[in-house]
Amino acid sequence: MSLQGKVALITGGSLGIGAAIAQRLAREGAAVTLDYHTHRAAADTIAAGITSQGGKALVLQADVSQVAGVQSLVSQTVQTFGRLDILVNNAGIEEPMPFLEVTEASFDRQIGVDLKGAYFAAQAAVRQLIAQGGGGCIINISSVHEDLPMVGNAVYCAAKGGLRMLTRTLASELAPHGIRIVNIAPGAIATPINAATLADPLKTRALLAEIPLGRIGLPEDIANTVAWLVSDQASYITGTTLFVDGGLMVAAGTL
Ligand SMILES: NC(=O)c1ccc[n+]([C@@H]2O[C@H](COP(=O)([O-])OP(=O)(O)OC[C@H]3O[C@@H](n4cnc5c(N)ncnc54)[C@H](O)[C@@H]3O)[C@@H](O)[C@H]2O)c1
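Residues numbered from 1 in each chain as written. Predicted model: local features only at pLDDT ≥ 70, side-chain atom pairs only at ≥ 80, totals over all residues.

Participant: Before we go on, may I ask you to explain the pairing of strand β3 (residues 57-61) in this structure?
Facilitator: If a strand is regular, its side chains alternate between the two faces of the sheet. Note: strand β2 (residues 31-36) against β3, five bridges, orientation parallel. From the neighbouring strand, Tyr36 faces β3, where its bridge partner is Gln61. Once the chain exits β2 it traverses helix α2 (residues 40-52) before rejoining the sheet at β3, and the crossover so formed is right-handed. (Pairing = 2+ DSSP bridges. Helix = DSSP H or I, 4+ residues; strand = E, 2+ residues; numbered from the N terminus. Right-handed = clockwise from strand over helix to strand, strands pointing away.)

Participant: Could you clarify how one ought to interpret the site of the ligand in this entry?
Facilitator: In the vicinity of the ligand, 28 residues are found, and the nearest of them are Gly12, Gly16, Gly92, Thr191 and Ile193. Mapped onto the shell around the ligand, the elements with two or more residues apiece are α1 (16-27) and β2. Here the shell around the ligand is built from residues that sort into 13 nonpolar, 13 polar and two charged. (Near = placed C-beta within 6 Å. Nonpolar A, V, L, I, M, F, W, Y, C, P; charged D, E, K, R; others polar.)

Participant: So what exactly am I meant to see when it comes to the environment of Ser65 here?
Facilitator: For Ser65, the location among the structural elements is in the loop between β3 and α3 (67-81). Residue Ser65 is classed as buried on the basis of its C-beta count, with 21 C-beta atoms lying within 10 Å. Here the alpha-carbon distance between Ser65 and Val113, two residues 48 residues apart in the chain, equals 4.7 Å. Among residues more than four places away in sequence, those in contact with Ser65 are Gly112, Val113, Lys116 and Gly117. (Buried ≥ 20, exposed ≤ 12 C-beta atoms within 10 Å, placed from the backbone. Contact = placed C-beta atoms within 7 Å.)

Participant: Sorry, what's going on with the environment of Val144 here?
Facilitator: Residue position: Val144 is located in the loop between β5 (136-141) and α5 (154-174). On the neighbour-count criterion, Val144 (22 C-beta atoms within 10 Å) is buried. The spatial distance from the C-alpha of Val144 to the C-alpha of Val244 is 8.5 Å, given a sequence separation of 100 residues. Look past the residues within four positions of Val144 in its chain and what remains in contact with it is Ala185, Gly187, Phe243, Asp245, Leu248 and Met249.

Participant: Explanation requested: the nonpolar core in the structure shown.
Facilitator: Across soluble globular proteins, nonpolar side chains have a tendency to be buried as a group. With 74 residues, the main nonpolar core has Val32, Ala125 and Val226 as its most contacted residues. Examining the composition of this core, we find that 10 residues originate from one element, helix α4 (residues 104-132), more than from any other. (Core = buried A, V, L, I, M, F, W, Y, C linked by C-beta atoms within 7 Å.)

Here it is in structure tokens:
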């Protein structure tokens, strides 16, 4: 599963799932760009760990909800490493609240990071992939909530549902260029985004009851899946979603 000679850009690479993906792809030999939004020290620590093991890592700051930000992530990656092969749209936020309480600002923030960010990062990456030739791969870190409704989290569900259709549509549009695009839909993964739930024993027990494999996922469960999906071993996979959720969707009767 070697990614020797490949270059990967991971948005939101300083923490949680994004950090694990950057470490995993670097271990397979890829040079990685870690985008961070506000956690510079955390991104530097991940990058230092990668370089201390002989890998290549570049740390860049960008707010993915700004088109100029994602364009600059791609152009600086290419300036440094000479090419781009893999984009992982991982950055994501959620601001759960009842439907009637959602403000325009909260709606714009969530859609801006979770959907618009992924869209324009993909656009910038695809321009580069087409220019250099030889194809490439885009992975969107979506969520089980691209398909599974979640009361009190409608904007997040709408953004992740949008990612599902983006992936299905772009798969056909980009296939002639040899570019694959795949969603990974994590279930409950132990990261800062759901720290509040995991700090509450009652909520954790209720969550575990919904997961047939009986454990909360780890960032590495997602990172291992990304490493495989971007490799040549998955070269016939595009335009679909892989659920990495311990069976949560099956238990919910959704799949
Ligand atoms: N943890 C879970 O249970 C879970 C489940 C399903 C889906 N996901 C998805 O996985 C992805 C990663 O989430 P996580 O669990 O690691 O959460 P996290 O909060 O630990 O990480 C989110 C990352 O996104 C970055 N980010 C936030 N706003 C940004 C912006 N404007 N510009 C650039 N980066 C920004 C953060 O800095 C951070 O690195 C998200 O897309 C999330 O929706 C997580």
